[in-house]
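Now for the letters of each chain:
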Amino acid sequence: DKGNHRHFMAKEIHEQPEVVGRTLGHYLDMSSGHVALPFELPVDPATLSRLTICGCGTAYFSALMAKYWFERFARLPVDVEIASEFRYRDPPLDPSGLTIVVSQSGETADTLAALRCAKGKGQKILAIVNVASSTMSREADVVAPTLAGPEIGVASTKAFTCQLAVFAALALAFGRARGVLGAKEEARLIGELMAVPGLMAQALKCESAIEGLAREIGKVRDVLYLGRGAAYPLALEGALKLKEISYIHAEGYAAGELKHGPIALIDGDMPVIVIAPKDAVLEKTISNMQEVAARGGRLILIGDENLARDFAGEAEASIIMPEFPADFAGMVYAIPIQLIAYHTAVVMGKDADQPRNLAKSVTVE
Ligand code: M6R
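Residues numbered from 1 in each chain as written. Predicted model: local features only at pLDDT ≥ 70, side-chain atom pairs only at ≥ 80, totals over all residues. Heavy atoms only, no water.

The protein appears in an unreviewed UniProt entry as Glutamine--fructose-6-phosphate aminotransferase [isomerizing] from Methylocella silvestris. Note on the protein: under the UniProt heading Subcellular location (unreviewed entry), the record states "Cytoplasm". The UniProt entry for the protein carries this comment under Catalytic activity (unreviewed entry): "D-fructose 6-phosphate + L-glutamine = D-glucosamine 6-phosphate + L-glutamate". (UniProt positions renumbered as here; feature names shortened; annotations may be inferred.)

Have a look at this one:
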């Protein structure tokens, strides 16, 4: 049932404040300000020397964002692996270590093979999955569910942000267990997490601005997405989302890589979408935005009102996000990224729910 939406994808984008809130509520004790994992971890995070995370597609990008959180809040080195690469590499893994697999379906062939590969090397497995009855759920030592509900659109949206919610809670739990985060810091970060669903609801209000933007993006051949820090995985996710449902060629880049190659592409045709939450690296992202503007590029920015004001002269369009502490900005900034892809597909007359050549769950290699 699509409710009053044209596509499941639209419905699923709009469900995010609710399902992310539900998922966070499963892992956080809101009243005490502590993480309250609903299971026992299969390893003591204090003894870990590194963490491996495997996934494919959008799930892989959620893991890439999680790396920033585990490193920052738990000082834990993290290897994020594309499952199809990991499984064939004979990766050296510590037999007392932990591998996290992340998958909406819990059936993706490559991710399942990565799970078995890590398990075969003695690693404990934690599976972040949305389908509770899936093969990965059965084969993992511990299951951390995303409570997104059934995701029908082939393009993953609410499963992605719910994966981020689980990762955020795990990173804080690991940070506490490793003595990196004090109780006060934990409570402050949990306060920020609890604000995320409301901020997502606010972010959804940018939809009409995005509908206008989508009419422009629907006319182009290529789009570049830039982000720094935790916004870099979101740049990759934005490009994947646009490619898969609108068939427009898009690339995501770490903003700092701009001058190492892609800057040569900047011209008056290709939109450059910059994801710029107010985080510790915003100043650096701003210099990349200036580089794009100085070369006559089509700058489209996703940021707060202050940033939009500063770039009013240079930006072709600004998608305004609420102002908030940026530790978990990725969950909120995912919304405009998803809406851009969705509305571009719709204006181009593409089937956003059933893109060509793609299956919801990739159970063969
Ligand atoms: O079910 P999974 O999360 O394991 O699926 C992984 C990818 O196939 C999936 O995220 C794919 O990239 C989506 N179509 C992206 O929107």
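Alright, that's what it looks like, and here's the rest.
Asker: Account for the site of the ligand, naming residues and giving values.
Answerer: The full set close to the ligand counts 14 residues, and Ser103, Gln104, Ser105, Thr108 and Glu244 are the nearest of them. Within the side chain of Thr108, a nitrogen or oxygen atom sits 2.4 Å from an oxygen atom of the ligand. Note that an oxygen atom of the ligand is positioned 2.9 Å from one of the backbone N or O atoms of Ser156. Burial of the ligand by the surrounding chains reaches 91%, relative to a free accessible area of 410 Å². For the shell around the ligand, the secondary-structure elements that each account for two or more residues are helix H3 (57-74) and helix H10 (231-246). In the shell around the ligand, the residues fall into five nonpolar, seven polar and two charged. (Near = heavy atom within 4 Å. Polar contact = N/O pair within 3.5 Å; in protein donor to acceptor, adjacent residues only side chain to side chain. Areas by Shrake-Rupley, 256 points an atom, 1.4 Å probe, with all protein chains shown as cover. Helix = DSSP H or I, 4+ residues; strand = E, 2+ residues; numbered from the N terminus. Nonpolar A, V, L, I, M, F, W, Y, C, P; charged D, E, K, R; others polar.)

Asker: Help me get a handle on the nonpolar core, residues and values and all.
Answerer: Formed by 100 residues in total, the largest nonpolar core has its most connected members in Phe70 and Met331. Not counting the four nearest positions on each side in its chain, Phe70 is found in contact with Leu51, Ile53, Arg75, Leu76, Val78, Ile100, Phe167, Leu170, Ala171 and Phe174. Counting 19 residues, the second-largest nonpolar core is a separate cluster that includes Ala276, Leu282, Ile286 and Leu299. (Core = buried A, V, L, I, M, F, W, Y, C linked by side-chain atoms within 4.5 Å. Buried < 20%, exposed > 50% of the residue type's maximum accessible area, 1.4 Å probe, protein only. Contact = heavy atoms within 4.5 Å.)

Asker: How would you explain unusual backbone geometry if you had to name every residue and give the values?
Answerer: With phi around 50°, Arg75 is a residue other than glycine that occupies positive phi space. Looking at where Arg75 falls in the secondary structure, it is placed in the loop between H3 and strand S4 (78-82). Judged by relative accessible area, Arg75 falls into the exposed class, the value being 58%. For Asn357, which is not glycine, the phi dihedral falls at a positive 65°. Residue Asn357 is classed as exposed on the basis of its relative accessible area, which comes to 78%.

Asker: Before we move on, can you summarise the pairing of strand S3 (residues 51-55) with the specific residues and values?
Answerer: S3 sits mainly inside the fold: five of its five residues count as buried. Residue alternation in S3 divides its side chains into two sets, Leu51, Ile53 and Gly55 and Thr52 and Cys54, and both sets are buried. Where S3 lies against S4, five bridges are found, and the strand directions are parallel. Bridging across to S4, Ile53 finds its partner in Val80. You can see the chain leave S3, run along H3 and come back into S4, and the turn it takes is right-handed. Pairing of S3 with strand S5 (residues 98-103), which is carried by four bridges, proceeds in the parallel orientation. Within S5, the position partnered with Ile53 by the bridge is Ile100. (Pairing = 2+ DSSP bridges. Right-handed = clockwise from strand over helix to strand, strands pointing away.)

Asker: Give a detailed account of the packing of aromatic side chains, specifying residues and quantitative values.
Answerer: All chains considered together, the criterion is met by seven aromatic pairs. Relative to Phe167, the ring of Phe70 lies with its centre 6.3 Å away and its plane at 85°, an arrangement referred to as edge-to-face. Placement of Phe70 in helix H3 and of Phe167 in helix H7 (residues 158-177) is noted, with a sequence separation of 97 residues between them. Note on Phe70: relative accessible area 0%, which makes it buried. (Phe/Tyr/Trp six-rings, centres within 6.5 Å; stacked < 30°, edge-to-face > 60°.)

Asker: Provide a residue-level description of the state of the cysteines, including the pertinent values.
Answerer: With the rule as written, the count across this model stands at zero disulfides. Cys54 supplies the cysteine sulfur nearest to Cys56, a cysteine that is in no disulfide, at a spacing of 8.7 Å. The partly exposed category is assigned to Cys56, whose relative accessible area is 24%. (Disulfide = S-S within 2.5 Å.)

Asker: Now, about the environment of Ala359: what can you tell me, with residues and values included?
Answerer: On the secondary structure map, Ala359 appears in the segment after helix H13 (329-347). Linking Ala359 and Leu147, residues 212 residues apart in sequence, is a C-alpha distance of 22 Å.

Asker: Describe in detail the sheet that holds S3, supporting the description with residues and values.
Answerer: Taken together, five strands build an open sheet; the order of strands is S4-S3-S5-S6-S7 and the sheet is parallel. Each of the sheet's edge strands pairs with one partner strand only, and the pair in question is S4 and strand S7 (142-145). Across this sheet, the average inter-strand angle for adjacent strands is 20°, counted without regard to direction. Sheet topology note: the S5/strand S6 (residues 124-129) ladder contains six bridges and is parallel. Bridge pairing links Ile100 to Leu126 in S6. Against the sheet, H3 contacts S3, S4 and S5, and its axis sits at roughly 175° relative to S4. (Axes fitted to C-alpha atoms, helices over the stretch in contact; angles between N-to-C directions.)

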